[in-house]
Each structure stands twice: as C-alpha cells, then as structure tokens.
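Residue strings, one per chain:
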Amino acid sequence: MRTTEFKDTELGPIPKDWEVKRVGEVATRIGVGLATSVTQYYRNEGTVLFRNLNIKPGQLDDQDVLYLDDVFAKSQPGKLIHEGDVLSVHTGYVGISCVVPKKYDGALTFTTLITTPSRDSLLSEYMVVYMNSDLGVAEVESLQSSGGRSNLNVAEFERLRVVLPPLPEQRRIAAALGDVDKLIENLKKRVE
C-alpha cells in the first residue's frame, strides 16, 4: 500500500505531487461578460444571455435566460462564451461556478467572470469543483473588493490560488464529486 507524502503550502498541507498556482497562471482567458446596458438589444429569441443568477454550483441554469439581437451579439466576439469555459458569479454570491455546456457555445453573459482554463494544467470540471468547495470559497472571500459589497474583479480573480493535482487526479476528483451531485439531484427530484 502506497502512503501519500505531504508538503506544507500557503493553503495548508497537500500531496507532494500537487501544486498551488494562481488562476492567472493556468488560464488562457479571464474576462467579464457584457458590462454595459443591453436592454435595447433584448429580443424574444436570438443569442442567449446568461446572468449571475443563472450560475448555480456546478450547473448553468437555463430556466430564466434573456435573448439578445444576433447582430449585436456577433459584434461582441471577445465576450462570447465557449464550451468548457468556466463561469463564476462576479457580484452577489461571488465565486459560485459552473462549466459552459456545448449547447451554449457562442452565448453571452452579463457581468459574469469567464475563465478559459489551460487544458494542459487545469480541467474546467475540476476548477468548478474547487471554486464551489470550502477551500475555494475561503480563497474567494479573501480576495473580494473592499467596501462592504460582494464583488470580485478580474485582477483579483487572476490572483486566486488553486490547489492543482496532476490532470488524471483532477479528472477523478471531478468525476467522483459530479457523481455525488447527480445522486443528490436525483434524490431531490424523487422527494419532490
């Protein structure tokens, strides 16, 4: 039986083959969705617009979305979200995160944090598990803007520390916790 050796880090003891990195070091893009008034572009159909309220722990809730004019949406290529991006709440319940599913590739968001993890060092699914964990929540709280309001800007988010296991371990952690989340969701549905 193999015993795991640990090392001390600024986030506590972690296995020796794990690392602590800042999000800015393991992401190819960190940005914020649309941050200007878009009400004049609202439509009954078109490009989906997600807001912070659509981001649930580990899930993108599409029950209450808005739609934007497609021409306007296409004029915002740097703000489009893509499959595998991580969306995080920017204001309010800061840090709650989910992965963008394939069906919403090309949608837009309104003032959410958008992260594209570097696939060679950070899996989107693991980042979401980490962000929604007690350790991730504590790390987010330590970085929030001052002034008594819950807010996390891009510069602060880039400094967020992430405990990084090797990719195969990230995959196993995300899969195991994803299975638990599905079980809990199914139990809730059965109770209802």
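Preceding this paragraph is the structure being described.
Parameters at a glance
Residues numbered from 1 in each chain as written. Predicted model: local features only at pLDDT ≥ 70, side-chain atom pairs only at ≥ 80, totals over all residues. Heavy atoms only, no water. Helix = DSSP H or I, 4+ residues; strand = E, 2+ residues; numbered from the N terminus. Buried < 20%, exposed > 50% of the residue type's maximum accessible area, 1.4 Å probe, protein only. Phe/Tyr/Trp six-rings, centres within 6.5 Å; stacked < 30°, edge-to-face > 60°. Polar contact = N/O pair within 3.5 Å; in protein donor to acceptor, adjacent residues only side chain to side chain. Contact = heavy atoms within 4.5 Å.

A look at unusual backbone geometry
Thinking step 1. Positive phi, normally seen in glycine, also occurs at threonine 111, with a value near 50°.
Thinking step 2. In this fold, threonine 111 is placed in the loop between strand S12 (108–109) and strand S13 (113–117).
Thinking step 3. We classify threonine 111 as buried; its relative accessible area is 18%.

Digging into the packing of aromatic side chains
Thinking step 1. Taken as a whole and judged by the stated rule, the model has 3 aromatic pairs.
Thinking step 2. Considering the side-chain rings of phenylalanine 50 and tyrosine 104, the 4.8 Å spacing of their centres and the 90° angle between planes classify their relative orientation as edge-to-face. Of the two residues, phenylalanine 50 sits in strand S6 (residues 47–50) while tyrosine 104 sits in the loop between strand S11 (97–99) and S12, which places them 54 residues apart along the sequence.
Thinking step 3. Phenylalanine 50 gets classed as buried once you look at its relative accessible area, which sits at 0%.

Some thoughts on the side chain of asparagine 54
Thinking step 1. If you trace the backbone, asparagine 54 turns up in the loop between S6 and strand S7 (55–56).
Thinking step 2. For asparagine 54, a relative accessible area of 0% corresponds to the buried category.
Thinking step 3. A polar contact is formed between the side chain of asparagine 54 and the backbone nitrogen of arginine 51, at a distance of 2.7 Å.
Thinking step 4. Leave out the neighbours within four places in its chain, and asparagine 54 touches Leu49, Gln59, Leu60, Asp61, Asp64 and Val65.

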